[in-house]
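Spelled out, the chains give:
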Amino acid sequence: MRIGTLQTIDSETLPEARARLGISGWLEIVLLACLAALLTAAADLYPAFPALSAVPLAFLALRHGSSPAVLGGLIWILAYSLMQKTLHQAPDPLSLDNLGPLLVTLLCGYSSDHWRELRVSSSSVQQHQDHTLTTLTHEHHLLQLSHARLEQRVIGGVETLRESLERLHKSMRRRAEKELPLARQAADLLTLFDSLTWIQSAAIYMVKLDGRFLTTASAEFGQPPPLDDGDELVKAAITQGKVLAVSDTGLVQANSDVLIAAPIVDNEQLVRAVVCVHKVPFLSFNTENLTLLAVLTAHLGHMISTAEKAASTGFHEQFVQHLQRACKDASAFALPATLAQWTFKQSLSAQNTAQFLQDNVRGLDHLYLEHSSGHERLTLLCTLTDTPQYELMVERIEQLLEARFAINLEAQILRQRVHAVAKKDSPESLLKLMGLDNCG
């Protein structure tokens, strides 16, 4: 199947594109030249038809071009001279009577050459268009195949970064409640990496407090090779606490199979585990994919800390930790986050509104509620949410409150502050901006 209806012609099949004449062509030239000579002789007998000889010569020129036409004209003059000599007449090949047919022959020959060049040029353009069309059709089929595969993967449940982190956050909280070790969560961690990054073979290894890593994988996929306990790339990643790849200067090892080492660092800057990627598609071994790995490991380390200490830390301290993570995301990865604060007047509707927001907060959003005389203040940190997404979320909340409780959200709010977390922001400056620096 081809795209479009453009029809092309192969220039090799065109007669005018052939550079050589066959035996039949040469014979045709001789016969037409002889016929012109006979007609010239007949014109001597019938003077009323002086231009009869130009007809076969013009046909010859139009059919074969200027060069065969010149040759045919020479053969015509030679044949006519021989006829004159046979009829006992004085041959006059340079007679002015022969000039008219020769000029007509040359004019027809050059016209034929020009027409043939146009045809060959048009044929070449059409042949190029045919090649381009075939290439585009092939690329179109490849794109269709790629689209179908991506569509199948989307139907199979590919998640966004926020959705995957929300799912992992819930899993971390369940693990913390059951007091399961981190190694038991390794399979879920690798599933997250597989769903968001284009890696083909990887394993996760636990790291001891002294910085040494276990060579036995807690989870793996894609049949990764065994890990050497002296792997310099893994050691450097654990020491520096950041994602490193073999493309980094001075970290290439001849005997190492690790392409990327991504340590999972908690809020206390302790390396809890390291993800070793052994195989990745060539086109996916780029800065964007490495940055995504760094984002995942950073959030995983944060989730591990917050999940493990959820029962022993207060709400204000937990909120500050989430602010720290949002500031690091903005400065290191340019990820969005929105900090909002609503102050409600003291009323039953305001209490219901605050309770509704507290019960329906999204997985990665963090809420801090304060009760004071005369009003309630609610501060909401929306992770991985820019200002337009925050506005859509608020619009949805307003619709739900209106539909379920007949509450007008705007009527309950005394003051509202909205701030998009920027690279220059710090947790201290954000707490001061929201008036939370003296809380807790």
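Please read all numbers here as calculations on a predicted model, not as lab measurements. (Residues numbered from 1 in each chain as written. Predicted model: local features only at pLDDT ≥ 70, side-chain atom pairs only at ≥ 80, totals over all residues. Heavy atoms only, no water.)

### Description of the sheet that holds strand β6 (residues 337-345)
- Sheet architecture is open: four strands sit in the order β7-β8-β6-β9, paired in antiparallel fashion. Across the chains shown, the open sheet's two edge strands, defined by having one partner strand only, are β7 (365-372) and β9 (413-420). Recorded for the sheet is a direction-independent mean angle of 10° between the axes of neighbouring strands.
- Pairing of β6 with strand β8 (residues 375-383), which is carried by nine bridges, proceeds in the antiparallel orientation. Looking at β8, one finds that lysine 345 is bridged to histidine 375.
- Contacts from helix α11 (residues 387-405) reach β6, β7, β8 and β9 within the one sheet, and its direction differs from that of β6 by about 35°. (Pairing = 2+ DSSP bridges. Helix = DSSP H or I, 4+ residues; strand = E, 2+ residues; numbered from the N terminus. Axes fitted to C-alpha atoms, helices over the stretch in contact; angles between N-to-C directions. Contact = heavy atoms within 4.5 Å.)

### Focus on the sheet that holds strand β5 (residues 271-279)
- The five strands lie next to each other as β2-β1-β5-β4-β3, forming an open sheet whose pairing is antiparallel. Edge positions in the sheet fall to β2 (219-221) and β3 (244-245), since each of these pairs with one other strand and no more.
- As judged from the three bridges shared by strand β1 (residues 201-206) and β2, these two strands associate in the antiparallel manner. Across the sheet, alanine 202 pairs through a bridge with phenylalanine 221, a residue of β2.

### A few points about the environment of phenylalanine 193
- Looking at the element boundaries, phenylalanine 193 is found in helix α6 (residues 186-196).
- Overall, phenylalanine 193 belongs to the buried group, its relative accessible area being 0%.
- Measuring from C-alpha to C-alpha, the distance between phenylalanine 193 and leucine 293 comes to 7.6 Å, with 100 residues separating the pair along the chain.
- For phenylalanine 193, the contacting residues outside a window of four places in its chain are Ile199, Val275, Leu293, Leu296, Thr297 and Leu300. (Buried < 20%, exposed > 50% of the residue type's maximum accessible area, 1.4 Å probe, protein only.)

### As for the nonpolar core
- One finds Ile204 and Ile264 to be the most contacted residues of the largest nonpolar core, which totals 33 residues.
- Broken down by secondary-structure element, the contributors of at least two residues to this core are α5 (161-178), α6, β1, β4 (260-265), β5 and α8 (287-308).
- Looking at this core element by element, the count peaks at seven residues for α8.
- In this view, isoleucine 264 contacts Leu189, Ile204, Leu270, Val271, Arg272, Ala273, Val275, Thr297, Leu300, Gly301 and Ile304; residues no more than four positions away in its chain are not counted.
- Counting residues in hydrophobic clusters, the runner-up holds 21 residues, among them Ala354, Leu378, Leu380 and Tyr390. (Core = buried A, V, L, I, M, F, W, Y, C linked by side-chain atoms within 4.5 Å.)

### Notes on the packing of aromatic side chains
- Evaluated as defined, the whole model comprises three aromatic pairs.
- Where phenylalanine 356 meets phenylalanine 405, the ring centres are 5.7 Å apart and the plane angle is 75°; that geometry is what we call edge-to-face. Here the residue phenylalanine 356 occupies a position in helix α10 (residues 348-359), and phenylalanine 405 occupies one in helix α11, the gap between them amounting to 49 residues.
- In this structure phenylalanine 356 comes out as buried when scored by relative accessible area, which is 7%.
- Its relative accessible area of 44% is what places phenylalanine 405 among the partly exposed residues. (Phe/Tyr/Trp six-rings, centres within 6.5 Å; stacked < 30°, edge-to-face > 60°.)

### Focus: the packing of α8 against helix α9 (residues 315-333)
- Between α8 and α9, the shortest axis-to-axis distance is 11 Å and the interhelical angle comes to 170°. What the angle tells us is that α8 and α9 run roughly antiparallel. The residues of α9 that touch α8, namely those facing Thr291, Ala294, Val295, Ala298, His299, His302 and Thr306, are Gln321, His322, Arg325, Asp329 and Phe333.
- Along the lines of polarity and charge, the residues of the contact of α8 with α9 split into four nonpolar, six polar and two charged. (Parallel < 35°, antiparallel > 145°, perpendicular 65-115°, else oblique. Nonpolar A, V, L, I, M, F, W, Y, C, P; charged D, E, K, R; others polar.)

### Quick look at the packing of helix α2 (residues 54-64) against helix α3 (residues 66-86)
- The geometry of α2 relative to α3 is characterised by a closest axis approach of 7 Å and an angle of 155° between their N-to-C directions. The angle between α2 and α3 falls in the class roughly antiparallel. Both α2 and α3 take part in a crossing whose hand is right-handed. Contacts between α2 and α3 involve Leu57, Leu60, Ala61 and His64 from the former and Ser66, Pro68, Ala69, Gly72, Gly73 and Trp76 from the latter.
- Along the lines of polarity and charge, the residues of the contact of α2 with α3 split into six nonpolar, four polar and no charged. (Left-handed = near helix turned anticlockwise from the far one by under 90°.)

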